[in-house]
Amino acid sequence: MTAPPPRVTATPAALELIARLRREHGAILFHQSGGCCDGSAPMCFPVGDFVTGDADVHLGAIGGAAFYISGPQYAVWKHTQLIIDVVPGRGGMFSLENGSGRRFLLRSRVFDEAEIAALAACAAPTA
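Presented here is a report on the structure given in the accompanying data block. (Residues numbered from 1 in each chain as written. Predicted model: local features only at pLDDT ≥ 70, side-chain atom pairs only at ≥ 80, totals over all residues. Heavy atoms only, no water.)

### Focus: the environment of Leu 17
What counts is decided by this rule: Only DSSP runs of H or I with at least four residues qualify as helices, and only runs of E with at least two residues qualify as strands; both kinds are numbered from the N terminus onward. A 1.4 Å probe rolled over the protein chains alone gives each residue an accessible area, and that area as a share of the maximum for its type sets the label: buried under 20%, exposed over 50%, partly exposed in between.
Position of Leu 17 among the secondary structure elements: in helix H1 (residues 12–25). Among the residues examined, Leu 17 registers a relative accessible area of 0% and is labelled buried. Each C-alpha atom of the pair Leu 17 and Arg 103 lies 9.2 Å from the other, and the pair is 86 residues apart in sequence.

### Focus on the sheet that holds strand S4 (residues 56–62)
Formally: Only strands that DSSP links by at least two bridges are regarded as paired with each other. Lines fitted to the C-alpha atoms define the axes, with helices restricted to the stretch that makes contact. Angles between their N-to-C directions range from 0 to 180 degrees. Residues are treated as being in contact if the distance between any of their heavy atoms lies within 4.5 Å.
Read from one edge to the other, the open sheet built from four strands follows the order S3-S2-S5-S4, with strand pairing classed as mixed. The open sheet is flanked by strand S3 (43–46) and S4, the only strands paired with a single partner. Neighbour-to-neighbour, the strand axes of this sheet turn through a mean angle of 30°, independent of strand direction. Two elements, strand S2 (residues 28–32) and strand S5 (residues 65–70), share four bridges in a ladder whose sense is parallel. By the bridge assignment, His 31 is partnered in S5 with Tyr 68. Here H1 sits on the sheet and contacts S2, S3, S4 and S5; the angle it forms with S2, its principal contact strand, is near 130°.

Right, here's the structure in full:
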C-alpha cells in the first residue's frame, strides 16, 4: 500500500518565513478560509489568537505549525494538495507576515489516482 501524500506542504521559502515567525511569536497556526480578499490567502496567527471551530479541518502541519481549512473549503479542495509559498508583497491584514515585505500564497495541485486511493484508505482529516 502506498503511503498517502501530505494534504499540505510548504516551499523552502515558506518554511524559512514560518521559522522566523515562530522565533518571533512562538507557536503559530495557519487557517485557510477560502473567503474573499484576505480570506483567500493562508492566514498565520499566534496559537490562541485564532480559535478553530467544529467545521474546521486539520490538514497537517508545515514547519511545525498546524494548518486548518474551513469545512466548506475542504469539501471543494479535498482532491488537491495545498502548497504554501511566499511571494513579495503585503500579507493579510491580520496575518503575522504582514509588514515583512512577503506574503503567504496558496498554490495547489490535483492528486493523481494512486494518491486519491491512498488517501481514501486512510481516515479523513478531522477538526
